[in-house]
Amino acid sequence: MRGINLENMVVIIDECQNAFGKIFNSHEIRTLVGIVDYLGVSSDYLLVIISYCRKMSKLSVHYVESLAYEMYNDGIDSAKELEVRLKARELSASIEGKIRKLFGIKDRALTTREMEFIARWASEFKYEMDVIKHAFEEEFKEKIEEGGFLLCHWDGTPETEERIKEETKATIRCIPM
């Protein structure tokens, strides 16, 4: 091991075990030490990842390792940069669920392009959900005014159907399955 402070690593491993609520086996300990040693990152870098994983309920050392290498390969090599990147990822994940509900996406994974849009809306543009909802509704109304058909989510309630009729003069032609 190149220049790792063993006493410091013992404290870090202990903190990681406390965060995950379990005692690591020897393989998991070697993996965590390997992250710090091989990548040459600080122990704070590892703690930031551990904290993020705990928040996201990803309590697997394998996930920690994958995330560490992903971030490092993306050029994120300091704990401070890592915090910023993971905060943006966390924000994107929280807004993703709300957008899935708004757009009526239930049974499929989001495409890479959709994920990129959501990430930009959340972190780069810092759009709030009410702005995204308003834009979606305005786009919906414009498409209805152009005529033709529009594929969109409908929750199946008479109240929503009535609201759509009032606001857009559109009628619902499909029944949800």
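Note: the structure precedes this text.
> What is the right way to read a nonpolar patch on the surface from this model?
A cluster of nonpolar residues, Phe 125, Tyr 127 and Val 131, forms a patch on the protein surface that exposes about 260 Å² of accessible area. Note on placement: Val 131 falls in helix 7 (residues 129-146). Given a relative accessible area of 41%, Val 131 falls into the partly exposed group.

> Is there a simple way to explain the packing of helix 2 (residues 26-39) against helix 4 (residues 61-73) in this structure?
Between two packed helices, the angle of one axis relative to the other and the distance separating the axes together describe the packing. At their nearest, the axes of helix 2 and helix 4 sit 10 Å apart, and the two run at 10° to each other. Regarding the angle of helix 2 to helix 4, the classification is roughly parallel. Here Glu 28, Thr 31, Leu 32, Gly 34, Ile 35, Tyr 38 and Leu 39 of helix 2 lie close against helix 4, whose contacting residues are Val 61, Val 64, Glu 65, Ala 68, Tyr 69 and Tyr 72. Its residues assigned to classes, the contact of helix 2 with helix 4 shows 9 nonpolar, 2 polar and 2 charged.

> So what exactly am I meant to see when it comes to the packing of helix 5 (residues 79-103) against helix 6 (residues 112-124) here?
At a minimum axis distance of 9 Å, the contact between helix 5 and helix 6 shows a crossing angle of 115°. Crossing of helix 5 against helix 6: the hand is right-handed. Judged by residue contacts, Ala 88, Leu 91, Ser 92, Ile 95, Glu 96, Ile 99 and Phe 103 of helix 5 engage Met 115, Ile 118, Ala 119, Trp 121, Ala 122 and Ser 123 from helix 6. Looking at the contact of helix 5 with helix 6 residue by residue, the classes come out as 10 nonpolar, 2 polar and 1 charged.

> It is not clear to me how the packing of aromatic side chains should be interpreted in this structure. Could you clarify?
This model, assessed by the stated rule, comprises 4 aromatic pairs. Seen from their ring centres, Phe 20 and Phe 24 are 5.8 Å apart, and the 90° between their planes marks the pair as edge-to-face. Sitting over the face of the ring of Tyr 63, Lys 58 holds its NZ or CZ atom 5.3 Å from the ring centroid.

> Looking at this structure, how should I read the pattern of salt bridges?
One pass over the full model with this rule turns up 6 salt bridges. Where Arg 89 meets Glu 70, a salt bridge forms, and the shortest distance between an N and an O atom there is 2.3 Å. Here the residue Arg 89 occupies a position in helix 5, and Glu 70 occupies one in helix 4, the gap between them amounting to 19 residues. A relative accessible area of 26% means that Arg 89 is categorised as partly exposed. Exposure remark for Glu 70: the relative accessible area of 32% places this residue in the partly exposed category. Between Glu 96 and Arg 100 there is a salt bridge, and its shortest N-O distance comes to 3.9 Å. Pair noted here: Glu 96 and Arg 100 are both in helix 5, with a separation of 4 residues, about one helical turn. With relative accessibility at 18%, the residue Arg 100 sits in the buried group.

> Looking at this structure, I do not really get the environment of Ser 51. What am I missing?
Mapped onto the secondary structure, Ser 51 falls in helix 3 (residues 43-55). Spatially, the C-alpha atom of Ser 51 lies 8.4 Å from that of Cys 16, the residues being 35 residues apart in sequence.

> Is there a simple way to think about the nonpolar core in this case?
Inside soluble globular proteins, nonpolar side chains tend to come together where they are buried. Of all hydrophobic cores here, the largest spans 29 residues; its most connected members are Leu 32, Leu 46, Ile 49, Ile 50, Val 64, Leu 82 and Leu 86. Of all the secondary-structure elements, those providing two or more residues to this core are helix 1 (6-20), helix 2, helix 3, helix 4 and helix 5. Top contributing element to this core by residue count: helix 3, with 7 residues. The contacts of Leu 86, once residues within four sequence positions are left out, are Val 48, Ile 49, Tyr 52, Leu 67 and Met 71. Ranked by size, the runner-up nonpolar core spans 9 residues in total, among them Ile 95, Leu 110, Ile 118 and Met 129.

Calculation notes
Residues numbered from 1 in each chain as written. Predicted model: local features only at pLDDT ≥ 70, side-chain atom pairs only at ≥ 80, totals over all residues. Heavy atoms only, no water. Patch = residues over 30% accessible without salt bridge, like charges linked within 9 Å, V, L, I, M, F, W, Y side chains within 5 Å. Areas by Shrake-Rupley, 256 points an atom, 1.4 Å probe, with all protein chains shown as cover. Salt bridge = Lys/Arg side-chain N within 4 Å of Asp/Glu carboxyl O. Helix = DSSP H or I, 4+ residues; strand = E, 2+ residues; numbered from the N terminus. Buried < 20%, exposed > 50% of the residue type's maximum accessible area, 1.4 Å probe, protein only. Axes fitted to C-alpha atoms, helices over the stretch in contact; angles between N-to-C directions. Parallel < 35°, antiparallel > 145°, perpendicular 65-115°, else oblique. Contact = heavy atoms within 4.5 Å. Nonpolar A, V, L, I, M, F, W, Y, C, P; charged D, E, K, R; others polar. Left-handed = near helix turned anticlockwise from the far one by under 90°. Phe/Tyr/Trp six-rings, centres within 6.5 Å; stacked < 30°, edge-to-face > 60°. Lys NZ or Arg CZ within 6 Å of the ring centre and 35° of its normal. Core = buried A, V, L, I, M, F, W, Y, C linked by side-chain atoms within 4.5 Å.

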